[in-house]
Amino acid sequence: MLPLKIIIVDDEKRIRTSLQHLLSMYYPSATVVAEAGDVETGVTEIQKHKPDVVLLDIKMPGGSGFDLVQKLSPITFKIIFITAFDKYAVQAFKFSALDYLLKPVNPDELVSALQKAEHQIETEEISLKLNTFIGNMTGKNNEQKKIVLNTQNTVHVLNITDIIRCEADRNYTRFILNAGKNILVTGSLQKYDDILCPVGFFRSHHSHLINLSYIDRLEKQNAELVMKDGSIVPLATRKKDDLLELLGKI
């Protein structure tokens, strides 16, 4: 396999230098073919060098990383966004299945992101994920949020309001939807617990994650939840009080 060709786009020289240093120490098989400090230079260098991966800052003078991406559509390279912590942006990244690193960049996370990039360059649906990200950032409420799910052959974009529940299936997660369909995706249930619980979902059991708005009733005697599609989901004893508290707030 040929070494990854990388371009770093960040308006801070010290960040570009730090990333160069981290790459030389922890990912020496990669080659930094260019760097840029603004959108226009970044566009020029990307068009010139045709990199495999762009490490891209979000906020820069004269434009954002998203402005750069829009100037280069269609995207033929993998993007790893570099950002200062912003809980709303981080949540949107997770919903959109985009790769990101928080400043200051952790070497292990950088290596993990690049290793992932080496296997996904050919199949990544960057434009679709970017559009989902932007929509999630500009949406005013949870009902407008979408989530990107990857299966072996397809990238799905779902309204979170269409998800009735999720169920653990070994190292996979099965999404049960209100249209009578279900989707089996890679990733543990815990991964989707972290993404969905802040927006109206609840982990009722170690193997089940439910959309609170689809609960029809709680059968206290059997410690079961009956969902609006007729499915029955177990409720762990230790979760009962937490659920009742949440339902009281809806």
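Residues numbered from 1 in each chain as written. Predicted model: local features only at pLDDT ≥ 70, side-chain atom pairs only at ≥ 80, totals over all residues. Heavy atoms only, no water.

**Q** How would you summarise helix 4 (residues 87-96) if you had to cite specific residues and measurements?
**A** For helix 4, the set of buried residues is Ala-89, Val-90, Ala-92, Phe-93, Phe-95 and Ser-96. Looking one or two residues past helix 4, Ala-97 carries a phi angle of roughly 60 degrees, positive in sign. (Buried < 20%, exposed > 50% of the residue type's maximum accessible area, 1.4 Å probe, protein only. Helix = DSSP H or I, 4+ residues; strand = E, 2+ residues; numbered from the N terminus.)

**Q** Outline helix 2 (residues 39-49), supporting the account with residue identities and numerical values.
**A** Val-39, Gly-42, Val-43, Glu-45 and Ile-46 are the residues of helix 2 that are buried. You can read the cap of helix 2 off the contacts: a side-chain oxygen lies 3.2 Å from the backbone nitrogen of Glu-40, and it is on Asp-38. (Polar contact = N/O pair within 3.5 Å; in protein donor to acceptor, adjacent residues only side chain to side chain.)

**Q** Give me the lowdown on the sheet that holds strand 2 (residues 31-36), citing residues and values where you can.
**A** If you walk across this open sheet you meet the five strands as 2-1-3-6-7, and the pairing is parallel. Taken across any chain shown, the strands that pair with only one partner, and hence form the sheet edges, are strand 2 and strand 7 (99-102). Between one strand and the next, the sheet's axes are offset by a mean angle of 20 degrees, whatever the strand orientation. Pairing of strand 6 (residues 78-83) with strand 7 involves four bridges; the strand directions are parallel. Its bridge partner lying in strand 7, Phe-81 is registered against Tyr-100. Its contacts with the sheet put helix 1 (residues 13-26) on strand 1 (5-9), strand 2 and strand 3 (53-57), and the angle it makes with strand 2 is roughly 175 degrees. (Pairing = 2+ DSSP bridges. Axes fitted to C-alpha atoms, helices over the stretch in contact; angles between N-to-C directions. Contact = heavy atoms within 4.5 Å.)

**Q** Give a detailed account of the nonpolar core, specifying residues and quantitative values.
**A** What tends to happen in soluble globular proteins is that the nonpolar side chains get buried as a cluster. Val-9, Leu-56, Leu-68, Ile-79, Phe-81 and Leu-130 are the most contacted members of the largest nonpolar core, which totals 26 residues. Of all the secondary-structure elements, those providing two or more residues to this core are strand 1, strand 2, helix 2, strand 3, helix 3 (65-71), strand 6, helix 4 and helix 6 (126-138). Ile-6, Leu-19, Leu-22 and Ala-113 belong to the second-largest nonpolar core, a separate cluster that totals 20 residues. (Core = buried A, V, L, I, M, F, W, Y, C linked by side-chain atoms within 4.5 Å.)

**Q** With reference to specific residues and values, describe the sheet that holds strand 17 (residues 232-234).
**A** Ordered by their spatial adjacency, three strands build an open sheet running 15-16-17, and the pairing between neighbours is antiparallel. In the strand order of this sheet, the two ends are held by strand 15 (215-219) and strand 17, each with one partner. The sheet shows a mean angle of 25 degrees between the axes of neighbouring strands, direction not considered.

**Q** Quick one: what's the story with the packing of aromatic side chains, residue by residue and with numbers?
**A** For any pair of aromatic rings, the description consists of the separation of the ring centres together with the inter-plane angle of the planes. Applying the stated criterion across every chain yields a total of six aromatic pairs. With centroids separated by 4.9 Å and ring planes inclined at 15 degrees, the aromatic side chains of Phe-93 and Tyr-100 adopt a geometry described as stacked. The class for Phe-93 is buried, based on a relative accessible area of 0%. Judged by relative accessible area, which is 23%, Tyr-100 ranks as partly exposed. Counting every residue linked through ring pairs, the aromatic cluster contains Phe-66, Phe-81, Phe-93, Tyr-100 and Phe-133. A cation sits over an aromatic face here: Lys-239 above Phe-202, 5.8 Å from the ring centre. (Phe/Tyr/Trp six-rings, centres within 6.5 Å; stacked < 30°, edge-to-face > 60°. Lys NZ or Arg CZ within 6 Å of the ring centre and 35° of its normal.)

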